Structure formats: C-alpha cells, structure tokens
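# Residue-level structure breakdown
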Amino acid sequence: MLIGDFDFELPEAQIAQTPLLKRDSSRLLVVDRTKGSYSDAGFSDLPEYLREGDVLVVNNTRVFPARLFGKSETGANIEIFLIEELEDGLWSVLAKPGRRLSVGKRVDFADGFSAEVIEKDATGRVSVRFSADGDLYDALDRYGRTPLPPYIKRDREAPETDRERYQTHFAKERGAIAAPTAGLHFTPELLARIKDLGIEVCEITLHVGYGTFEPVRVEDLSEHRVAGERFEIGKDVATTVNLAKKDGRRVVAVGTTSTRALESAAVENGTIVPGKGVAGLTIVPGYGFKIVDAMITNFHLPRSSLLVLVSTFGGHSLIMDAYKHAVANGYRFYSYGDAMIVS
C-alpha cells in the first residue's frame, strides 16, 4: 500500500492543545473488528469493553525534559531537542536553527551547563557533547522543558504546566522523549475498577524515541522502516502474557508503543521472550500480529507510521472510516486528544 492511502482531512480546531481537567473524561471510540462497526463511549466506560481474564499491558516509560533553549557563542537563540544518547554525555539531537551551528561551536544553556557540536550530517542531525556541573539528568530536570509535539503550541517562556500532565500515572522508567499517549487517560481509580474485574495489569518499558513520530518519507510502505526503540519486558510479565495466550485470553495493549514492544519480543510459536532489546519492527499491511488481541490508542497524524500500525491491526477500511466518524463528530486528536479501543 501507499502512504497516501492513510491521509485524511482534519480541522485544526480538533487538534487538542491542552489536556482535559480529568484524565478519564476523554471520549472513547469503540471499534469492533469482527462486526466491522464502531460506536461512541467515554473513556471512563473502558471496563465495559474489557473481559475478565484479559491482560492489560501498559508502557511505564517516563518522559524527561528533552527540550533545551540556549545561546550560541555569537548570542543567537538555539533550541536543542535530544533524540538519542550515543554514549555517556554524547547525544544525537535536532538543532534549530541548525545553520547557526558548526562543528566545534558551543551552546550555553546556563552557568555550568553547555554543549559542544561534535558532528553534523546532511539529514539535520547534530551530535553534541554535554558538559554539566553534576549529573546531566539533574541539569535537564532543572533547565529542560517537556518535549511536547510541534502541533501543541506552547510559549517557551510560559510556566511549565505539562511536566505532570504529559506523563502517565504509571510512568517510572526515565528515558522517553515523548509520552505513550494512550496511557494518559488512565487514573488510579479507573485502574482499580479494571483490576476488580479480574483483569491483570502488567507494565513493560519502551522508551519512546524519534522513530515513533518521524515522518514517513517513502510512498511505498514496503520500503518504510521505523527506527528502533529500546524496550524491556520482565520475566513475570512474559509469563503472564504467555499464559494468557495459552489459555485463549486476550492481551490488550495500551498504545502503539506497548504493541510494538510485545510484537518485537514475539517468537514464531506466539509467545514472548523476556529481556531487553531494540524494537526494530515496522508494522505495515500484511503483518500478522502474534500477541496483541486488542489495542487502546489515541488518534494519530495523517500519513504517519502510527496510523499505518493501527490500520494494519484494525483493517484499513474500518479504521479510516472510524477516523472519518471521529472527525465528523468532533473528537479531539493527537497527544492530548481522545482515544479508541480496537478489538
């Protein structure tokens, strides 16, 4: 298939700029693959669409403040967005404006906190080595800002109001540059209701990286590759998931990140292997899911790898029709938007 098959019109007013006051007050579109149907609900109604014996898998990665503002040696304003740690202190970043930086130049963020440009490539990636008085992550926590997606408009001088809200309730393991947004809707009370139904909630870790939201740069999806992201699945979680599959019970993935981690850890006999790894799997039409039986997800960008993944799971025609319904009925889109469950 072509990436153009995953395009749709979305009014700008439906791109959620701020989160709702209460996490689980968002809307939920319920998509039934067997019936080829969809219906409207609220996220607080989610337990009605789960079953006793289901295993709900969430991603417990924690977003760190990966967006920095500093000044070059000439006094120019520079924005640095951290992408990937290459080695201790050395990071691959995006810099804006990149033309202001050349190898050997320094960017200062605060007294005792700076970065030196080590390398630049033709794609716009820049490698920088940070210098900080003390621990780098402590400096990032102090001076960095929450790395909100570009379609969420925030004044860089505004108070940092997203540090808590752009984290899931179960965020623990620091390392993501974007939130696993399907998890943003869960509250402790909702999770308690889910567990009371006899549903086991398991945590895995996939550190969301640039590959999750990097634009698809090819027309033919057979040529598309999503960059790898680090993940970890514990032995207890693997045992729980594998037992559910053996018993014919559903594995419900919260988010495309949990889905990608579970499917990346899968082996041919339909079980997962515990441990650490890199989720290098690119899910496009034709992929056969081995582990995930239902998926909870937000609404994604047109022509994005995430929309391709969800459509591969739910069926292209059904998911694209569901998106049209969501647009026509005023659903809120993207990171702070509404959600859907596909089962």
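So, here is what we can say about the structure in this document. Predicted model, so just to flag it, every value in this text is computed and none were measured. (Residues numbered from 1 in each chain as written. Predicted model: local features only at pLDDT ≥ 70, side-chain atom pairs only at ≥ 80, totals over all residues. Heavy atoms only, no water.)

Of regular secondary structure, the chain possesses seven helices and 17 strands. Taken over C-alpha atoms, the radius of gyration comes to 20 Å for the chain, in line with the 20 Å a tight globule of 343 residues would show. For the chain, the residues scored as buried account for 53% of the 343 residues in total. A separation of at least 24 residues holds for 69% of the contacts in the chain among residues at least 6 apart in sequence. Carbon and sulfur atoms make up 47% of the accessible area of the chain, which amounts to about 15600 Å² in all. Where the 42 positive side-chain charges of the chain centre and where its 49 negative ones centre are 2 Å apart. (Helix = DSSP H or I, 4+ residues; strand = E, 2+ residues; numbered from the N terminus. Rg over C-alpha atoms; globule rule 2.2 N^0.38 Å. Buried < 20%, exposed > 50% of the residue type's maximum accessible area, 1.4 Å probe, protein only. Contact = heavy atoms within 4.5 Å. Areas by Shrake-Rupley, 256 points an atom, 1.4 Å probe, with all protein chains shown as cover. Lys, Arg positive; Asp, Glu negative; His and termini not counted. Charge placed at Lys NZ, Arg CZ, Asp CG, Glu CD.)

Taken in spatial order, the nine strands line up as β2-β1-β17-β16-β14-β3-β12-β13-β15 in an open sheet, and their pairing is mixed. Bordering the open sheet on either side are β2 (37-42) and β15 (275-279), each of which pairs with just one other strand. Within the sheet, the average angular offset between the axes of one strand and its neighbour, ignoring direction, is 25°. Note that strand β3 (residues 55-59) and strand β14 (residues 251-254) share three bridges and pair parallel. Paired with L56 across the strands is V252, a residue of β14. (Pairing = 2+ DSSP bridges. Axes fitted to C-alpha atoms, helices over the stretch in contact; angles between N-to-C directions.)

The alternating pattern of β14 places V251 and A253 and V252 and V254 on opposite faces, both of which are buried. Two elements, β14 and strand β16 (residues 294-298), share three bridges in a ladder whose sense is parallel. In the sheet register, V252 faces β16, and the bridge partner there is A294.

Counting 64 residues, the largest nonpolar core has I233, L262, I272, F333 and M340 as the members making the most contacts within it. With seven residues, the single largest contributor to this core is helix α7 (residues 316-328). Residues in contact with I233, not counting those within four places in the same chain, are I204, A238, A261, L262, A265, I272, P274 and G275. Within the second largest apolar cluster, 27 residues are counted, among which are A66, F130, A139 and Y210. (Core = buried A, V, L, I, M, F, W, Y, C linked by side-chain atoms within 4.5 Å.)

Aromatic ring pairs are reported here in terms of the distance separating the ring centres and the angle at which the planes meet. Enumeration over the complete set of coordinates arrives at 19 aromatic pairs. Aromatic side chains F64 and Y137 sit 5.6 Å apart centroid to centroid with 80° between the ring planes, which places their arrangement in the edge-to-face category. Highlighted residues: F64 in the loop between β4 (61-63) and β5 (67-72) and Y137 in helix α1 (residues 136-143), separated in sequence by 73 residues. When its relative accessible area of 2% is taken as the criterion, F64 is described as buried. Summarising the aromatic geometry, the rings of F299 and Y323 are spaced 5.3 Å apart at their centres and angled 70° between planes, so their arrangement reads as edge-to-face. (Phe/Tyr/Trp six-rings, centres within 6.5 Å; stacked < 30°, edge-to-face > 60°.)

Another point: helix α6 (residues 305-314). Where burial is concerned, most of α6 is hidden: 10 out of the 10 residues are buried. Among all positions of α6, only S305, L306, L307, V308, L309, V310, S311, T312, F313 and G314 are buried. On its buried face, α6 sits against α5 (255-264), β16, α7 and β17 (339-342). Within two residues after α6, G315 carries a phi angle of roughly 100°, on the positive side.

Looking now at the pattern of salt bridges. Side chains that differ in sign of charge can pair as their charged atoms come close. Per the counting criterion, the structure on display carries 15 salt bridges. Of the charged contacts in the structure, one is a salt bridge between R129 and E87, with a shortest N-O distance of 3.2 Å. Pair noted here: R129 is in strand β10 (residues 125-132) and E87 is in strand β6 (residues 77-87), with a separation of 42 residues, a long-range link. Judged by its relative accessible area of 34%, R129 falls in the partly exposed class. Among the ionic pairs, R303 bridges to E219, the shortest N-O distance being 3.6 Å. (Salt bridge = Lys/Arg side-chain N within 4 Å of Asp/Glu carboxyl O.)

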